[in-house]
Amino acid sequence: MLYNSGSRTKEVFKSLKPGKVGMYVCGITPYSDSHLGHGRCYVVFDTLRRFLTYLGYEVNYIQNITDIDDKIINKSLETGKTPAEISRKYFDLFMDSMEKLNVAPASNHPKVTGNIPEIIEFVEGLISKEFAYERGGSVYFRVSSLKGYGSLSGREDAQEENLASRVDLEDEKADSRDFAVWKKDEEHGWDSPWGKGRPGWHIECSAMSRKFLGDEFDIHGGGLDLIFPHHENEVAQSRALTGKEPARFWVHNGMVTLKGDKMSKSTGNFFLLNELLSKIEGPVLRFYLLSAGYRQLLDFTIEKVEGVKNSFLKLKELKKELENSDLEYDGEISTNNPAILALLDDLNTPRAIGEIFKLTLPVLEKIYSGSAEKDEMEAAWEMLRIVEEILGVDLKDTGHGEISDEDIENLISERNAHRKEKRFAEADAIREKLSLMGIIIKDTPSGTKWVWEKGIEDIDE
RNA sequence: GGCGCGGUACCCAAGUGGCUUAAGGGGCCGGUCUGCAAAACCGUUAUUCGCCGGUUCAAAUCCGGCCCGCGCCUCCA
């Protein structure tokens with residue numbers, strides 16, 4: 001079951017072609033650093049992709065790069081760099097963050113600038129079918145010519161809406177709802193039948209999804225804030241040209257808020273992804289992002305991430321214990337696994353995580369007390385595979401900075417020697433020293449153990 | 001104003017008619033353990049699901065009204 005924003009209900013997911021899924025997710029416009037809201041979106045769709053892959057689908061995942069638009073051009077004017085340099089730089093930074101979040105690259109990341117001929121062809125098609133008209137070197141989509149416009153975002157009845165705020169610059173449009181599919185631009189434009197210009201905001205996705213996935217494909221995703229006008233206009237263009245509904249499922253992720261308001265560049269209310277990732281481990285941040293349902297609003301606070309980190313560490317510890325046991329596990333992930341059943345219900349990651357803890361944490365306790373049965377450990381291992389392979393939360397030990405394992409072990413035996421001799425001040429000094437390096441000591445009945453724990457540094461405002 | 005989403009314990013978050021006298025996680029507090037800590041373990045933490053009515057043998061779950069928060073309607077993941 002997957003929630004379809006198009007019908008506003010959960011529907012049984014079935015791909016158009018057996019065994020294959022075509023998924024298009026709107027990518028970023030790389031004109032400055034990405035923030036946590038972007039991170040959430042791509043973590044969600046990466047998780048969906050992983051899950052579909054687990055279910056046996058071959059997923060063709062297309063995520064575009066809008067590498068030419070007003071903001072990039074503005075940035076270019078400010079910095080003196082070319083639009084290509086700017087988009088390259090911020091896209092690379094974005095991909096860096098994605099890697100830390102364990103988000104795999106899409107099957108293809110097509111650029112707008114690499115698909116201009118297809119876009120021009122698309123616009124010509126719209127004009128020849130009289131869904132679009134040319135005015136002063138720009139081309140506009142005639143909203144009134146397409147019946148059913150507005151069904152995705154629930155504004156079929158909207159007529160000339162909000163004239164006051166929209167009319168200002170584009171008074172060449174025949175109707176205030178009309179939107180540009182091609183914008184006149186002498187400086188940063190490409191040659192076209194209408195003179196120099198560049199693509200309008202929505203046409204790129206229509207043209208590229210069509211090129212890479214066909215007239216009809218399975219899933220179209222993106223942030224909730226893209227439903228209108230972006231996705232609405234996108235469907236309008238595609239339907240006008242092909243007469244078909246481009247996407248079977250519309251999947252939209254909820255917004256990330258900060259202090260109750262949407263994270264957004266324009267308001268200055270955001271946390272940058274790369275900054276966050278320099279202070280919080282990628283897997284912890286990813287786990288946090290998946291701790292709320294993907295359609296739910298997610299209000300970011302450091303305290304919540306701290307909470308997630310603590311539970312994450314337990315799973316990590318469980319993995320270590322299982323690996324150190326003599327258990328050899330190579331079973332499959334059962335489709336009856338309660339966590340899988342949760343994911344089958346509209347990718348319910350919070351419920352899946354609940355199921356995972358319900359089953360794994362008691363096993364960790366039993367391992368500590370030495371009473372874990374083999375089948376319990378195998379069941380726990382299966383859950384950890386779900387965490388790593390489907391949720392994409394890496395539980396690998398990531399190392400621990402400067403100090404070597406050997407040095408740690410030496411300091412620990414030194415401390416234990418002091419303790420034996422009841423020189424507690426010295427012993428505690430060593431414990432404190434290790435603690436400052438992030439090494440936490442645990443005295444257990446079976447000897448002293450240690451873990452490395454990356455703290456979350458203070459994050460200001 | 002129009003369209004949409006949401007309000008479950010200290011926090012996060014499942015559950016959407018009986019299987020729940022409301023999962024799971026975090027936190028807090030008390031106890032065991034410990035030289036002291038940490039870890040671990042045991043116990044405690046919503047007779048109640050924003051408020052008020054209604055439907056039903058039965059509701060957090062359905063219906064109506066109200067209150068509150070958020071998103072979109074302009075660029076936005």
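Residues numbered from 1 in each chain as written. Chains lettered and ligands numbered in written order. Predicted model: local features only at pLDDT ≥ 70, side-chain atom pairs only at ≥ 80, totals over all residues. Heavy atoms only, no water.

Novice: What am I meant to see in the packing of helix α14 (residues 405-420) against helix α15 (residues 424-436) here?
Specialist: The description of two helices packed together rests on the angle between their axes and the distance between the axes. Running from N to C, α14 and α15 cross one another at 155°; their axes reach a closest spacing of 7 Å. In terms of orientation, α14 and α15 fall into the roughly antiparallel class. As α14 runs across α15, the sense of the crossing is left-handed. Together, I408, L411, I412, E414, R415, H418 and R419 of α14 and F424, E426, A427, I430, R431, K433 and L434 of α15 make up the contact between the two elements. For the contact of α14 with α15, the per-class residue count stands at seven nonpolar, one polar and six charged. (Axes fitted to C-alpha atoms, helices over the stretch in contact; angles between N-to-C directions. Helix = DSSP H or I, 4+ residues; strand = E, 2+ residues; numbered from the N terminus. Parallel < 35°, antiparallel > 145°, perpendicular 65-115°, else oblique. Left-handed = near helix turned anticlockwise from the far one by under 90°. Contact = heavy atoms within 4.5 Å. Nonpolar A, V, L, I, M, F, W, Y, C, P; charged D, E, K, R; others polar.)

Novice: So what exactly am I meant to see when it comes to the domain arrangement of chain A here?
Specialist: How big an interface is tends to be expressed through the accessible area that disappears when the partners come together. Each domain of chain A was delimited in the assignment, giving domain 1 (2-262), domain 2 (301-390) and domain 3 (405-452). Centre-to-centre separation of domain 1 and domain 2, based on C-alpha positions: 37 Å. Listed as interface residues are 10 residues of domain 1 and, on the opposing side, 13 residues of domain 2. Roughly 990 Å² is buried in total at the junction of domain 1 and domain 2, and carbon and sulfur atoms are behind 67% of that figure. Between domain 1 and domain 2 we count one salt bridge in total. For D345, the salt bridge goes to K10, with nearest N and O atoms at 2.9 Å. Summed over the shared surface of domain 1 and domain 2, the result is four residue pairs in polar contact (both at pLDDT 80 or more). For the side of domain 1 that touches domain 2, the secondary structure elements donating two or more residues are β1 (2-4) and α1 (36-54). Sorting elements by how many residues they give to the side of domain 1 that touches domain 2 places α1 first, with six residues. Within the side of domain 1 that touches domain 2, the residues separate by chemical class into seven nonpolar, one polar and two charged. (Domains from an automatic or database assignment. Buried area = accessible area lost by both parts, 1.4 Å probe. Salt bridge = Lys/Arg side-chain N within 4 Å of Asp/Glu carboxyl O. Polar contact = N/O pair within 3.5 Å; in protein donor to acceptor, adjacent residues only side chain to side chain.)

Novice: Sorry, what's going on with the sheet that holds strand β9 (residues 217-223) here?
Specialist: Where strands meet in a sheet, backbone hydrogen bonds hold them as pairs that are either parallel or antiparallel. One open sheet holds the four strands; their spatial order is β4-β3-β9-β10, and the pairing between them is parallel. In this open sheet, the two edge strands, each paired with only one partner strand, are β4 (58-63) and β10 (247-253). Neighbour to neighbour, the strand axes of the sheet diverge by 20° on average, direction disregarded. Note: β9 against β10, six bridges, orientation parallel. Bridging across to β10, G221 finds its partner in V251. (Pairing = 2+ DSSP bridges.)

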